[in-house]
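Spelled out, the chains give:
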Amino acid sequence: MAIHSSNNNYFYIMFTSSLLFGICSSQLTSNFYDSTCPKALSIIKSAVASAVAKEHRMGASLLRLHFHDCFGCDASILLDDTSTFTGEKTAAPNLNSVRGFDVIDNIKSQLESACPGIVSCADILAIAARDSVVSLGGPSWNVGLGRRDSTSASKDAATKDIPSPLLDLSGLITAFSNKGFTTQEMVVLSGAHTTGQARCQIFRGRIYNETNIDTNFATSMKSNCPSSDGDSNLTALDVTTNVLFDNAYFKNLVNNKGLLHSDQQLFISGGSTNSLVTNYSNSYSAFFADFASAMVKMGNLSPLTGTTGQIRANCTKVN
Ligand code: HEM
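Note that the structure is predicted; figures quoted are calculated from it, not measured.

1. Things to note about the environment of Tyr 284
And step 1. Note that Tyr 284 resides in helix H14 (residues 284–299).
And step 2. Contact partners of Tyr 284, with chain neighbours within four places excluded, come to Asp 246 and Asn 247.

Structural data, given as structure tokens:
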């Protein structure tokens, strides 16, 4: 009996400490809206599916919107400028580039009709990113929920935190490690560039001046990106299967067909991340599993929870 009861105590301690650890390590839970807004997930899923069916690129745009929000995960990216702050929409990495705001606004108005004041814009962004990846044929993951929305935004923070496409490998590693990511997570998250598009002005320098680029690829990219014109002409980030979420991005890098300077930096002569790129280029399943885990980690970056922040009624404005 004594042994039995000490076993009970042992299990009790283990159980409560794992519960406490669980609560401390992540305050987000995937069933957060189950009782308060049971239709939330299905409303978002079907709105994303129809937006992606209408335009495949929207899947890429919604994924990127979550990434650019998430170096904070508080929907600050959705706020319009006010007299008290300049928001993130006009920060250099976002200006004339991030998109998908209409889809988020549409989802928010459906959710406000179904359950007013309950579902945060930050959670909408996190779920829409996951559903977008799934819509394009990529992996799924459990999205922890319960994020709340910021009451402010910072153009300067967005400019500082979001990595530039002109960074070299060491700069990319640092930009992600500043947010707690390993080099491997930085590489796998970059696999998001298996879908979506980039503007000529972003990759012109690479296709005209760099030498670690496949010659035929560079020539064909130049036809839609003249050396001194067509700044906003769009080209697929993944030259092979752009509307599919697959591991072709990594195969392209191995073949020196990365579109952005920062893309090709992950596979350069003697580069420390070459073996990771090769591994993902050979294994769909390793890419999918590691991408999903890294997205969960990204979605957990410094969310507002509990009574901090607010649930915005309109994602573009503080209540
Ligand atoms: C590794 C550092 C990264 C850099 C330097 C970078 C940079 C860029 C740039 C410059 C563009 C094209 C923008 C334009 O021409 O308007 C772009 C597009 C995109 N990025 Fe990244 N990115 C990075 C990582 C990521 C991550 C981690 C994700 C998501 C997990 C992501 C998702 C996307 C998507 C999906 C697009 C296409 C968007 C669309 O077509 O609307 N990127 N990125």
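2. Some details on the UniProt feature "active site" (unreviewed entry) in the chain
And step 1. What UniProt calls "active site" (unreviewed entry) maps, in this numbering, to His 68.
And step 2. With respect to the secondary-structure elements, His 68 resides in helix H3 (residues 57–70).
And step 3. What makes His 68 buried here is its relative accessible area of 5%.
And step 4. If sequence neighbours within four positions are ignored, His 68 has contacts with Ile 77, Glu 88, Pro 93, Asn 94, Val 98 and Ile 162.

3. A short note on the UniProt feature "binding site: Ca(2+) 1" (unreviewed entry) in the chain
And step 1. Following the UniProt record, one finds the feature "binding site: Ca(2+) 1" (unreviewed entry) at Asp 69, Gly 72, Asp 74, Ser 76 and Glu 88. Spatially, the listed residues are clustered: although they cover 20 residues, their C-alpha atoms lie within 12.1 Å of one another.
And step 2. Considering the arrangement of structural elements, one finds Asp 69 in helix H3.
And step 3. Apart from the residues within four sequence positions on either side, Asp 69 is in contact with Asp 74, Ala 75, Ser 76, Ile 77 and Leu 125.
And step 4. Take Ser 76: it is sitting in the loop between H3 and helix H4 (101–114).
And step 5. Ser 76 gets classed as buried once you look at its relative accessible area, which sits at 5%.
And step 6. The residues contacting Ser 76, other than those within four sequence positions of it, are Asp 69, Glu 88, Ser 150, Ser 152, Ala 153 and Arg 312.

Conventions and cut-offs
Residues numbered from 1 in each chain as written. Predicted model: local features only at pLDDT ≥ 70, side-chain atom pairs only at ≥ 80, totals over all residues. Heavy atoms only, no water. Helix = DSSP H or I, 4+ residues; strand = E, 2+ residues; numbered from the N terminus. Contact = heavy atoms within 4.5 Å. UniProt positions renumbered as here; feature names shortened; annotations may be inferred. Buried < 20%, exposed > 50% of the residue type's maximum accessible area, 1.4 Å probe, protein only.

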